[in-house]
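# Examination of the molecular architecture
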Amino acid sequence: MALRFTTAGESHGPGLVAILEGLPAGLELEPDDIDRDLARRQLGHGRGGRMKIESDRAIVTAGLRHGRTLGSPVALRVENRDYSNWEERMNPWPVAAEVAEVHLPRPGHADLAGVQKYGFTDVRNVLERASARETAARVACGALAKAYLRRLGVEVQSHVLSIGGVEAPSMNGLGPENFSGVDASPVRCLDAGASDAMVAEIDRARKANESLGGVYEVRVFGLVPGLGSHISWEERLDGRLAAAVMSIQAMKGVGIGDGFELAARDGSAAHDEIFWSPERGFFRETNRAGGLEGGMTTGEPLVVRGAMKPLPTLTKPLRSVDLATKEPAQALRERTDSCTVPAAAVVAEAMVALVLGSAYREKLGGDHIDDAVAALRAYEERIGWVR
Ligand code: EPS
């Protein structure tokens, strides 16, 4: 992969760190390019008390000089403000006091398989890393990828389609202009009526000690045709996008374009017929494929949906087993969120941007961003692509 990133950090440890490799040199960045997305990830109706403690900012420690990338790996960290409340329990070094272990694995979380696999008795050794706190580091890297994509004329957006059983009305033909107000909705839903109903549904669930999942959609505008490849399985962009989105904590499904709905249709109603005009070049009148055919972009907007399960930390815990006594017990109760679908959509934007950034880097090469832009223009000219 041409863009590679890794993260480290525990939810209540000192902080998160990330390294992103592969950005060309000369890309202009401002602190707000990263911090804006970090703040968007913290929003959303249904968040718990933790978000009042954190106020995420990226501290860049490598790969940038005077607001431009150097072509070297970009390193950054995001502090966990909550660490001051957890210092004894999460200190990297031995502490004088005895710290109580957690022995009550939560159904639906990494807890049980994690302690079995890694040979722990304390579930905290697993849950701290499994926590979706880690997604702050992904969003920081994704924001860098988005800055690269913006220079190539690409815009990444997202919105929430459903929370629990409340669905937004279907919206076809959304363009970039439709997303300007999406962050103003407390659930990041484009339909005002559905947004209110989703907020009410989260309030109902919270009062009933329940959590809620939902479905979100990432839409990407301005992509050229031919990113990814049909030639080998690991180059197919749909597979790479699905893996990236599925890797986000609590995801259970990914669809591209009309996704699972396509399986029930006649072939003639499942594809996007091809047209050509001198003004538009090749174009489609529908986008059922979600901008991908044969593992490559078609030039139509990319549409990726993610289905998130309800969060498994419940204030009314499910049945479990005490790891020490093997007696039936209630699962761990921890402070938690009741719904994080709006935040997950922002994380998915980041993961999609990192995959697309990688695909562009493979296609265009470019040690310097100007080389990449020049290669893009040459490619667009060769295929007669009309923006
Ligand atoms: C999480 C539990 C909550 C969330 C956390 C993910 O944290 P805490 O246990 O501190 O209340 O707030 O998400 C974040 C901290 C974040 O930044 O998104 C979990 O168990 O996955």
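Residues numbered from 1 in each chain as written. Predicted model: local features only at pLDDT ≥ 70, side-chain atom pairs only at ≥ 80, totals over all residues. Heavy atoms only, no water.

### Side note on the site of the ligand
Neighbouring the ligand are His-12, Arg-41, Arg-47, Arg-50, Met-51, His-109, Ser-131, Ala-132, Arg-133, Glu-334, Arg-335 and Asp-337. One nitrogen or oxygen atom from the side chain of Arg-133 is found 2.8 Å from an oxygen atom belonging to the ligand. Within the side chain of Asp-337, a nitrogen or oxygen atom sits 3.4 Å from an oxygen atom of the ligand. Contact with the protein chains removes 92% of the 470 Å² of surface that the ligand exposes when unbound. Spatially, the ligand is embedded in the second largest pocket. (Near = heavy atom within 4 Å. Polar contact = N/O pair within 3.5 Å; in protein donor to acceptor, adjacent residues only side chain to side chain. Areas by Shrake-Rupley, 256 points an atom, 1.4 Å probe, with all protein chains shown as cover. 1 Å grid on protein atoms, 1.4 Å probe; cavity = no way out; pocket = protein on both sides within 12 Å on 5 of 7 lines; lining within 4 Å. Sits in = over half its atoms within 2 Å of the grid points.)

### Remarks on the sheet that holds strand E7 (residues 155-163)
Reading across from one edge, E8-E7-E9-E15-E10 is the order of the 5 strands in this open sheet, with antiparallel pairing throughout. This sheet does not close on itself; its edge strands, each paired only once, are strand E8 (166-167) and strand E10 (251-256). The pairing of E10 with strand E15 (residues 302-308) spans 5 bridges and is antiparallel. In the sheet register, Ile-256 faces E15, and the bridge partner there is Val-304. Running at roughly 155° to E10, helix H8 (residues 237-246) makes contact with strand E9 (214-221), E10 and E15 of the sheet. Most of the contacts of helix H9 (residues 341-364) go to E9, to which it runs at about 35°, and overall it touches E7, E9, E10 and E15. (Pairing = 2+ DSSP bridges. Helix = DSSP H or I, 4+ residues; strand = E, 2+ residues; numbered from the N terminus. Contact = heavy atoms within 4.5 Å. Axes fitted to C-alpha atoms, helices over the stretch in contact; angles between N-to-C directions.)

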